[in-house]
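# Close look at the chain arrangement
Read off the chains here:
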Amino acid sequence: MDTPKIDFETLALHQQHTHDKYAHLQPIYATSTFTFDSAEQGMRRFTGEESGYIYSRFGNPTTDATARAIADLETWNITDTEGQPLQARALLTASGQAAMSTLFISTLQAGDAILATPSLYGGTHEFITKLLPRFGIKAYFSDMTDIHQVEDILKQTPEIKLVHFESPANPTMQCIDMEQIVQLAKRYNKLVSVDNTFATPYLQQPFKYGVDFIFHSTTKFLNGHGNAIGGVLIGRDTAAMNGHILHTYKLLGANSNAFDGFLVLQGIKTLALRMEQHCRNAMDLALFLTKHPEVEKVHYNGLSTHPDYDISRKQMRHAGSIMSIDLKGGYQKSVNLVNKLQICTRAVSVGTVDTLVSHPASMSHSGIPREIRLQTGITDGLVRISVGLEAIADIIADFEQALR
Ligand SMILES: *Cc1c(COP(=O)(O)O)cnc(C)c1O
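Residues numbered from 1 in each chain as written. Predicted model: local features only at pLDDT ≥ 70, side-chain atom pairs only at ≥ 80, totals over all residues. Heavy atoms only, no water.

### Notes on the domain arrangement of the protein
- Segmenting the protein into domains produces domain 1 (8-268) and domain 2 (272-402).
- Each of domain 1 and domain 2 was reduced to a C-alpha centroid, and the two centroids are 27 Å apart.
- At the junction of the two partners, domain 1 supplies 39 residues and domain 2 supplies 39 residues.
- Roughly 3,100 Å² is buried in total at the junction of domain 1 and domain 2, and carbon and sulfur atoms are behind 60% of that figure. (Domains from an automatic or database assignment. Contact = heavy atoms within 4.5 Å. Buried area = accessible area lost by both parts, 1.4 Å probe.)

And the structure:
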């Protein structure tokens, strides 16, 4: 079928349905297992001779519809080397951590190594430094804004199989030049994966630059409303995704469920609209905070003073809605600020419709040793803000009174 060329916003709304043709929305298939017409049919489904559902840990119409919708957005308007629409396969997972661990465990084995940026989500950092080494997989780190450093490590360390980074990275909004890193990694025959949680496919599509795998914590912007933990892993190599990666996913029990899948699917419909407003509010708040006498530094890639402003402009539609700030009074001043907020929500997580404010050093990044934390710019007093969709005047007024 020749599908018409449609814009991102339209694609996000008009998701493909599974089954029930006349249900307006994707139904929630709250079922653990699926029936067979005959024993032979069950056998054919297990051998793969016949497609069809078997058991919800292997696949479910609702979670598959959500995975498909995200794969469609991540590949939107991208063509492969033959000029055909880029194909990708996605697996919906129980969490962002489940997407990450499914990828790393399915692509790496004992003797392999992973190269990552030091600026990582706390859970990813702990997983590769504490858990993977128990299975004989080593972690190397490199500042990926320094291409020569990356090349030196790749040259000296042939066991590196996968290069992984986040851009923008949590919580300093460091951005990595994806085109440059992928080109280099491909020269050394490495796989590349990106955690695209902070940007979402609306702001940035890593597949454009030849990245192999993308994962998200759908808990954040894709869901948007903070009502479910979830994740998604998307790969361009559909044979690998349907082969050893799906196999690992089934064995790990990394699957999501129909209800959470439904919630993410609803959230995605307003992704473009939400991201526009998130980013507009973030820029206004960043400009306000930059001028505030109590604020030492605003880490926001949308400001021309941010070291990665140019890279961010090059590969992102807008800069995103997350920023972090250092206050002049350090730790105690930060604690006071967080305590005095009256409208913004004190909570970890990002990407919900309301503004969330947290303290990375004692919360999301408390599992990372202090000296590594400091190296990646997470000072003891750093405050992270995920700017929501409230009226911007109310957000600014809340910070104004809390900073007084
Ligand atoms: C939240 C988050 C994760 C982990 O996702 P969960 O859904 O909490 O498992 C991974 N990466 C980034 C950038 C995140 O913000």
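Text resumes after the structure shown.
### Thoughts on the site of the ligand
- Taken together, Ser95, Gly96, Gln97, Tyr121, Glu166, Asp195, Thr197, Phe198, Ser217, Thr219, Lys220 and Gly230 are the residues near the ligand.
- A distance of 2.8 Å is found between an oxygen atom of the ligand and a side-chain nitrogen or oxygen belonging to Ser217.
- Thr219 is positioned such that a nitrogen or oxygen atom in its side chain is 2.7 Å from an oxygen atom of the ligand.
- When the free accessible area of the ligand is taken as 380 Å², the share hidden by the protein chains comes to 92%.
- Each residue belonging to the shell around the ligand can be placed in one class, and the counts come to two nonpolar, seven polar and three charged. (Near = heavy atom within 4 Å. Polar contact = N/O pair within 3.5 Å; in protein donor to acceptor, adjacent residues only side chain to side chain. Areas by Shrake-Rupley, 256 points an atom, 1.4 Å probe, with all protein chains shown as cover. Nonpolar A, V, L, I, M, F, W, Y, C, P; charged D, E, K, R; others polar.)

### Structural notes on helix α13 (residues 331-340)
- Three or more residues of α13 are buried, namely Ser334, Leu337 and Val338. Buried residues of α13, viewed axially, fall in a sector of 95°; they line one side.
- Looking at the buried side of α13, the elements it contacts are β9 (322-327), β10 (345-346), β11 (356-358), β12 (383-386) and α15 (392-403). (Buried < 20%, exposed > 50% of the residue type's maximum accessible area, 1.4 Å probe, protein only. Helix = DSSP H or I, 4+ residues; strand = E, 2+ residues; numbered from the N terminus. Arc of directions from axis to C-beta.)

### Re the sheet that holds β12
- Strand order across the open sheet formed by five strands is β8-β9-β12-β11-β10, with mixed pairing between neighbours. Both edges of this open sheet fall to β8 (295-299) and β10, since each of them pairs with a single strand only.
- Of the pairings in the sheet, the one linking β9 to β12 comprises four bridges and is antiparallel in character. Paired with Ile322 across the strands is Ser386, a residue of β12.
- Contacts from helix α11 (residues 271-291) reach β8, β9 and β12, with the element oriented near 10° to β9.
- Across the face of the sheet, α13 comes into contact with β9, β10, β11 and β12 while running at roughly 130° to β9. (Pairing = 2+ DSSP bridges. Axes fitted to C-alpha atoms, helices over the stretch in contact; angles between N-to-C directions.)

### Notes on the packing of helix α6 (residues 147-156) against helix α7 (residues 178-187)
- The interhelical angle for the contact between α6 and α7, taken along N-to-C directions, is 20°, at an axis separation of 11 Å. Our classification of the angle between α6 and α7 gives roughly parallel. In this structure, α6 crosses over α7, and the sense of that crossing is right-handed. Together, Ile147, Val150, Glu151 and Leu154 of α6 and Gln180, Ile181, Leu184, Ala185 and Arg187 of α7 make up the contact between the two elements.
- Grouping the constituent residues of the contact of α6 with α7 by class yields six nonpolar, one polar and two charged. (Parallel < 35°, antiparallel > 145°, perpendicular 65-115°, else oblique. Left-handed = near helix turned anticlockwise from the far one by under 90°.)

### Thoughts on the packing of aromatic side chains
- Summed over the entire model, instances satisfying the criterion amount to six aromatic pairs.
- Judged by centre distance (6.4 Å) and plane angle (80°), the rings of Phe104 and Phe215 are edge-to-face. Note that Phe104 is positioned in helix α4 (residues 96-107) and Phe215 in strand β6 (residues 213-217), a separation of 111 residues in sequence. The same class applies to Phe104 as to Phe215, namely buried. (Phe/Tyr/Trp six-rings, centres within 6.5 Å; stacked < 30°, edge-to-face > 60°.)

### Structural notes on the sheet that holds strand β1 (residues 89-93)
- A sheet is described by the order of its strands in space; here seven strands give the open sequence β1-β7-β6-β5-β4-β2-β3, paired in mixed fashion. One side of each edge strand has no neighbouring strand; the edge strands of this open sheet are β1 and β3 (138-141). In this sheet, adjacent strand axes meet at a mean angle of 20° when their direction is disregarded.
- In this structure, strand β2 (residues 113-116) lies alongside β3, joined through four bridges in parallel fashion. Within the sheet, the bridge partner assigned to Ala113 lies in β3 and is Lys138.
- Most of the contacts of α4 go to β6, to which it runs at about 155°, and overall it touches β1, β2, β4 (160-166), β5 (191-195), β6 and β7 (231-235).
- Sheet strands in contact with helix α5 (residues 122-131) are β2, β3 and β4, and its direction is about 125° off that of β3.

### Description of unusual backbone geometry
- Cis peptide bonds are those with omega within 30 degrees of zero, and the linkage from Ser167 to Pro168 qualifies with -5°.
- Secondary-structure assignment places Pro168 in the loop between β4 and α7.
- A cis geometry characterises the amide bond from Asn170 onward to Pro171, with omega recorded as -5°.
- Within the element layout of this structure, Pro171 appears in the loop between β4 and α7.
- Backbone geometry at Asn189 places phi at a positive 60°, although glycine is not the residue there.

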